[in-house]
Amino acid sequence: GLTSSRALSCPTSVALRFRGTQRRASQIRLATNHGINPFASATSAAPSTVTVKPSESRDGASSRDAAWTSHTWKWRGYTIHYKTAGCGEPILLVHGFGLSSFHFRRNIPVLAEKYKVYAVDLLGFGRSSKPILQYSMEVWRDLLLDFCAQVVGAGRPPVLVGNSIGALACLMVNAASPPGAIRGTVLLNSAGAMNNKGVLGDVRILAALPLLLLIDFLLSIPAFSAALFNRVRTKDNIRQVLSGGVYCNPAAVDEALVEEVFGPSCDPGAREVFVSVITGPPGPKPWSLMPDVKGPLLVLWGDKDTLTPADGPVGRFLQALPSRRPETTFKMLQDVGHCLHDDRPDLVHSELLPWLEGVVAGRDSTPAASEAASAFPSKGQEEEERRAVQDAAVAAAAVSEVGAAAEAVAVAATAAVEARAAVAEGEEA
C-alpha cells in the first residue's frame, strides 16, 4: 500500500544525477480514471504511480531536467490525481480555481531539491474526478485532511502552500488540525471565499452583487450555463483572461498553461463543477479561521492582483496580521499578479525558501491557541459582517425586481436553442 509507494519517494534525487543525458524519445502520458461511483463508501486505496519528466509530459513544461512522479488515490470513491518529487520534510501545494497541480510546474523542481513535495488536483479540477455534487470549501478541506493523514502520513507534519481558494483551503486544514499536525502555512494571494459573493466587505463586490446574483439565477438554466461555459473555456478567452490581470509577466502565459487550463474543461462534469463553485456557499472568511490557525504563517501578495486586490478586505486584514499574531510574515511582491508563484517564481522563491529553512529547522515556536484567539477580538468584525449582510439584502431586493424579466430572457434563450436543434434535425431529414 502506502509503504510501497514511499519506496518510490525520491525520483528527483535519481533524475538529478543524470542531467544532460538524452531525453526520452516518446512521451509518457498518465491515464487518469475519471469514472465516478456516487454510492462508493469513504475509503481510500493505495496510490498507483508513474514517473514523468516535466519537460516531456503534457502536465509540466520545465527548464529543469528533473522528474516528478504522478499518482492516483481513491477518496470516497473518487479518483484524486497528485504529483510528488524530492526527499525530505513534506510540503503540500494546493492550486486555485480552474487550475491543477500543473500550476506549480516552476516551483516543484526548486522545492524538491530539499523537500518532499506533494501537489494535488482538488476534486473537480485537473485530472481528478469531476462528480456532480455541491462543491464547497469544506469538501476540499476534508479531502486535504485525509490526504495529509493517508498519503503524506501520520507523524509527518507538512508545510501547506496554497494559492487563491487553495490558500483558503490550507487555512481551513490548519484550523481543523490538532496542534503539531501542520508545520507551517503559506498563503499566496489568498481568496476570501470560494466565490466573490463571500467577500461582502469589498464595495466593488457589493456594487456588482445584483449582477452576480442574476448570473447565479441564469446559471441554474442548463442552456444558459452551457453557452456561458463554452464561451469562457475557449483557449482564446483563457489566454486573454490570464494575460489581462491574473498575470503581469506575459511570458509566463505560455501555450502549456493554456492547454492545461483548457484540457480538463473538456471532461464530463466540468461545466457542473464550474456552476457549483460559482453559485455555491462561499465558505468561511480568513479572519473567522485565524484564531484557530496554529504555527508559522507566511503571506505573499502580488501588488497587481486584480482578483484579490491588496486594498480589498482580505488584503488589508492579512497586511495588518503580523502586528496582531505571532510568527506571521507578510511580504508584498512588486509587479506581480494573482498567480504569483507562476507569474514570478523567482520572487516567490526568494521569500519562501529562507522561510521554509527556518520553519523546518524549528526556529519558530507555535503560539498557544488562547494567545492566538486573544489577538482577534471579533466584535468589530461581526458588526462589519452584519452591515455587509444588510447591504446584500438590499442588493437581493434589487435583483428580485428584474427577476421576471431575466426569467423571460432565459426562457426565450432556451426556446431559441430548442428551435435551432429542431431546424438542424429537419435539415438532416
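Reading guide: rules and limits
Residues numbered from 1 in each chain as written. Predicted model: local features only at pLDDT ≥ 70, side-chain atom pairs only at ≥ 80, totals over all residues. Heavy atoms only, no water. Helix = DSSP H or I, 4+ residues; strand = E, 2+ residues; numbered from the N terminus. Phe/Tyr/Trp six-rings, centres within 6.5 Å; stacked < 30°, edge-to-face > 60°. Buried < 20%, exposed > 50% of the residue type's maximum accessible area, 1.4 Å probe, protein only. Lys NZ or Arg CZ within 6 Å of the ring centre and 35° of its normal. Expected span 1.5 Å × (residues − 1). Bend = angle between axes of the 7 residues up to and from the residue. Contact = heavy atoms within 4.5 Å. Pairing = 2+ DSSP bridges. Right-handed = clockwise from strand over helix to strand, strands pointing away.

Draft legend 1. Layout of the environment of Phe317. Among the secondary structure elements, Phe317 is positioned in helix H12 (residues 313-320). Remark: the alpha-carbon pair of Phe317 and Trp287, spanning 30 residues in sequence, is separated by 7.5 Å.

Draft legend 2. Seen up close, the packing of aromatic side chains. Scanning the entire structure with this criterion turns up 9 aromatic pairs. Between Trp287 and Phe317, the aromatic rings sit 5.6 Å apart at their centres with planes inclined by 70°, giving edge-to-face as the arrangement. Here the residue Trp287 occupies a position in helix H11 (residues 286-289), and Phe317 occupies one in helix H12, the gap between them amounting to 30 residues. Residue class for Trp287 comes out buried when judged on its relative accessible area of 13%. Classification of Phe317 by relative accessible area gives buried; the value is 8%. Cluster of aromatic residues (ring-pair linked, three or more members): Trp73, Tyr82, Tyr118 and Phe147. In this structure, Lys83 packs its charged tip against the face of Trp68, placed 5.5 Å from the ring centre.

Draft legend 3. Representation of helix H4 (residues 137-153). Taking 1.5 Å per residue, 17 residues should reach 24 Å; H4 reaches 22 Å between its end C-alpha atoms and fits that length. A maximum bend of about 35° is found in H4 at Phe147. Residues of H4 that are buried: Met137, Val139, Trp140, Asp142, Leu143, Leu144, Phe147, Cys148, Val151, Val152 and Gly153. The first or second residue beyond H4 is Gly155, which carries a positive phi of 85°.

Draft legend 4. Structural view of H12. Those residues of H12 lying buried are Pro313, Val314, Gly315, Phe317 and Leu318. Residues of H12 that are buried make contact with strand S7 (184-190), H11, strand S8 (297-302) and strand S9 (328-333).

Draft legend 5. Geometry of the environment of Phe274. Positionally, Phe274 belongs in helix H10 (residues 270-279). With residues near it in sequence (within four places) discarded, Phe274 still touches Phe97, Leu219 and Phe229.

Draft legend 6. Molecular detail of the pairing of S8. With respect to burial, S8 is a largely interior element, 6 of its 6 residues being buried. Of the pairings in the sheet, the one linking S7 to S8 comprises 4 bridges and is parallel in character. Note that in S8 the partner of Leu187 across the bridge is Val299. Pairing of S8 with S9, which is carried by 6 bridges, proceeds in the parallel orientation. Residue pairing across strands places Gly302 opposite Leu333, the latter belonging to S9. A crossover connection joins S8 to the parallel S9 through H12; in handedness this β-α-β unit is right-handed.

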